[in-house]
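Report on the structure
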Amino acid sequence: MPPRRELVISAADSDSDISFPDDDYDASRDKGKSKGKGRAEKKKVDKGKGKAKDSQAYTWEASYTRSWETVQEDEAGSLQTSVQELMARGRRKRLLAPAAAIRRTIIRHVILLLDLSSAMLDRDMRPTRFDLMLQYAREFILEWFDQNPLGQIGVVGMRAGLGERIGDLSGESGNPQEVLSYIKERHKLEPTGEPSLQNAIEMAKASMSHLPTHSSREIIIIFGSLTTCDPGNIHETLETCVKNKVRISVVALAAEMKICRELSDKTGGQFGVAMNEGHFKDLLFELVPPPAQRALTRTMGAPSASLSADLMMMGFPTRLPEASAPTLCVCHAELKSQGFLCPRCLAKVCDVPTDCHVCGLMIVSSPHLARSYHHLFPVKPYDAVPNLEDIPQPSDACHGCAKLFPMTTSIPIGEGVSVVGRYRCPDCRHDFCSDCDVFVHEVIHCCPGCGK
Ligand SMILES: [Zn+2]
Ligand SMILES: [Zn+2]
Ligand SMILES: [Zn+2]
Ligand SMILES: [Zn+2]
């Protein structure tokens, strides 16, 4: 059978964990091991062949091909062009983003709903959907807190037809390390049984019912299954979600299910089906910036919340120096010297941001507030400088890092890339290099030239 031969070759070519059934090869690679291993691997390859007949290519094979295709050397044999092209793609994406002022919620409450059903053991994403989900969920949580320091995350799992509370919103869920510890122990989250969307959404909804109106209520579902096993009518749950302004976003790993699409469409969330590992991450990380408040909420009623802004009280605490006399904190009742004093009742708390345990005032530090604030006023995208002729007195070096600009003009790559390597702020008219351009827009969110 010719196809068999082909598969074995391609497996070895792409450097995978499936090796040649050849005993010599096995021995040369791993001399200490017995022949038993060779036999076991032979079986593994046989199994692979059977599977290859059903589906055209493995997902991992596809990703290998893609990685060769996307990175291409230019004439000089350098990878610089490909890197610049990737950066240009990011720049173009930023240009598409709305520049006008929009309303965004900065105090966010998110429940991460993880599918822990047996469908998550599928290996179409490497190593398994489950492991990949845990890995991306951890990265997501870190990134999310970086961008939304005033928010809180809770975690709910769905397995064996039930919704399972893994980590609560209350307590210290405003602390990324605490949230990471919810999903740290893999063996406690072992996937099993069928998922139940309705049970899990009801549970997530109930844990957000106490929240005040100025905060957002969001559910982010990572769903790998193609079925849901519900005790009642899930459309009723959907209606109550719409009524309570719970926004549901779904990242599906298998295929589009009508109910998932409906959940996100009717509540104003996002829906996407991951095509591969990278796309899965992109879809998840699109949910990191706070969602813009759309006209949807306005038509749904609640006139006070959507048309006029509510004012809310926040306090900036006094930080106690480490050398101060140890006193009891109100949150853990422990003797500590460091801490923060509530500006209203002078109670001592260990960490900010938090709600004062005594008077309920929201205590934030100004850097936290500033970090949440930048979503509302994003730095304007820099213009790629097309040539040096129009500039009367071009600066020699980047305004951000003082790196000298190249004197030569590079070959044009495409839209959004400057051939002279300069990117200009439309406000302060300072020139920046491409690295600083990316750093300003993705990390510091503030132009060093004009301070905006
Ligand atoms: Zn404490
Ligand atoms: Zn207080
Ligand atoms: Zn620079
Ligand atoms: Zn500027």
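A quick note: this is a predicted structure, and the numbers were derived from the prediction, not measured.

The sheet built from 3 strands is open, its strands ordered β8-β11-β12 with antiparallel pairing. Single-partner strands in this sheet number two, and they are β8 (318-320) and β12 (348-349). Across 2 bridges, strand β11 (residues 339-341) lies against β12 in antiparallel orientation. Along β12, the bridge assignment pairs Leu-341 with Lys-348.

Once that is clear, we can look at the nonpolar core. With 52 residues, the main nonpolar core has Leu-112, Leu-113, Ala-204 and Ile-219 as its most contacted residues. Residue contributions to this core peak at 8 residues, all from helix α6 (residues 129-147). What Ile-219 contacts, discounting residues up to four positions off in sequence, is Ile-111, Leu-113, Ile-201, Ala-204, Val-246 and Ile-248.

What follows covers the UniProt feature "zinc finger region: C4-type" (unreviewed entry) in the protein chain. The feature "zinc finger region: C4-type" (unreviewed entry), as annotated in UniProt, sits at residues 342-359 in this numbering. Helix makes up 0% of residues 342-359 and strand 22%, whereas the separation of the span's terminal C-alpha atoms amounts to 9 Å.

Take the packing of helix α9 (residues 234-243) against helix α10 (residues 258-267) next. In the contact formed by α9 and α10, the axes pass within 9 Å of each other and the chain directions differ by 20°. One way to sum up the angle between α9 and α10 is to call them roughly parallel. The interaxial crossing formed by α9 with α10 has right-handed handedness. Residue-level contacts link Ile-234, Leu-238, Cys-241 and Val-242 of α9 to Ile-259, Glu-262, Leu-263, Lys-266 and Thr-267 of α10. Residue classes in the contact of α9 with α10 are distributed as 6 nonpolar, 1 polar and 2 charged.

A word on the environment of Asp-282. Looking at the element boundaries, Asp-282 is found in helix α11 (residues 277-285). Note on Asp-282: 14 C-beta atoms within 10 Å, which makes it partly exposed. The sequence separation of Asp-282 and Gly-272 amounts to 10 residues, and the corresponding C-alpha distance is 10.0 Å.

Now for the packing of α6 against α11. One way to put it is that α6 packs onto α11 with a least axis distance of 10 Å and a crossing angle of 35°. Remark: the crossing between α6 and α11 carries right-handed chirality. Residues Leu-132, Tyr-136, Phe-140 and Glu-143 of α6 touch α11, and the partners they reach there are Glu-277, Phe-280, Lys-281, Leu-284 and Phe-285. The residue makeup of the contact of α6 with α11, split by class, is 6 nonpolar, no polar and 3 charged.

Turning our eyes to something else, we now look at unusual backbone geometry. Between Arg-126 and the following residue, Pro-127, the backbone shows a cis peptide bond with an omega angle of -10°. Position of Pro-127 relative to the elements: it lies in the loop between β1 (108-115) and α6. In the segment running from Val-352 into Pro-353, the intervening peptide bond is cis, with an omega of -5°. Considering the arrangement of structural elements, one finds Pro-353 in the loop between β12 and β13 (354-355). With a phi close to 50°, Ala-160 is a non-glycine residue in the positive phi region. With respect to the element layout, Ala-160 can be found in the loop between β2 (152-159) and β3 (162-167). Positive phi values are uncommon outside glycine, yet Ala-333 reaches one of about 55°. Considering the arrangement of structural elements, one finds Ala-333 in the loop between β9 (327-328) and β10 (335-336).

An α-helical segment advances 3.6 residues per turn. Residues three or four places apart therefore align on the same side. Looking only at α10, the buried set comprises Cys-260, Leu-263, Ser-264 and Thr-267. One side of α10 carries all its buried residues, which in axial view fall inside an arc of 85°. Phi turns positive, to about 85°, at Gly-268, one or two residues after α10.

This part covers the environment of Lys-348. In this fold, Lys-348 is placed in strand β12. On the basis of neighbour count, Lys-348 is assigned to the buried category, with 22 C-beta atoms found within 10 Å. Setting aside anything within four residues of it in sequence, one finds Lys-348 in contact with Thr-327, Cys-329, Val-330, Gly-339 and Leu-341.

A few words on the sheet that holds strand β6 (residues 271-273). Judged by pairing direction, the sheet is mixed, and its 6 strands sit side by side in the order β3-β2-β1-β4-β5-β6 without closing on themselves. Because the sheet does not close on itself, it has two edges, and the strands there are β3 and β6. Put simply, the sheet's adjacent strands are angled 20° from each other on average, direction ignored. As defined by bridge partners, β1 adjoins β2 across 7 bridges and the pair is classed as parallel. In the sheet register, Val-110 faces β2, and the bridge partner there is Ile-153. Contacts from α10 reach β4 (216-223), β5 (246-252) and β6, with the element oriented near 145° to β5.

Looking only at helix α15 (residues 434-444), the buried set comprises Ser-434, Cys-436, Asp-437, Val-440 and His-441. Positioned one or two residues after α15, His-445 has a phi angle of 55°, which is positive.

Quick notes on the rules
Residues numbered from 1 in each chain as written. Chains lettered and ligands numbered in written order. Predicted model: local features only at pLDDT ≥ 70, side-chain atom pairs only at ≥ 80, totals over all residues. Pairing = 2+ DSSP bridges. Helix = DSSP H or I, 4+ residues; strand = E, 2+ residues; numbered from the N terminus. Core = buried A, V, L, I, M, F, W, Y, C linked by C-beta atoms within 7 Å. Buried ≥ 20, exposed ≤ 12 C-beta atoms within 10 Å, placed from the backbone. Contact = placed C-beta atoms within 7 Å. UniProt positions renumbered as here; feature names shortened; annotations may be inferred. Axes fitted to C-alpha atoms, helices over the stretch in contact; angles between N-to-C directions. Parallel < 35°, antiparallel > 145°, perpendicular 65-115°, else oblique. Left-handed = near helix turned anticlockwise from the far one by under 90°. Nonpolar A, V, L, I, M, F, W, Y, C, P; charged D, E, K, R; others polar. Arc of directions from axis to C-beta.

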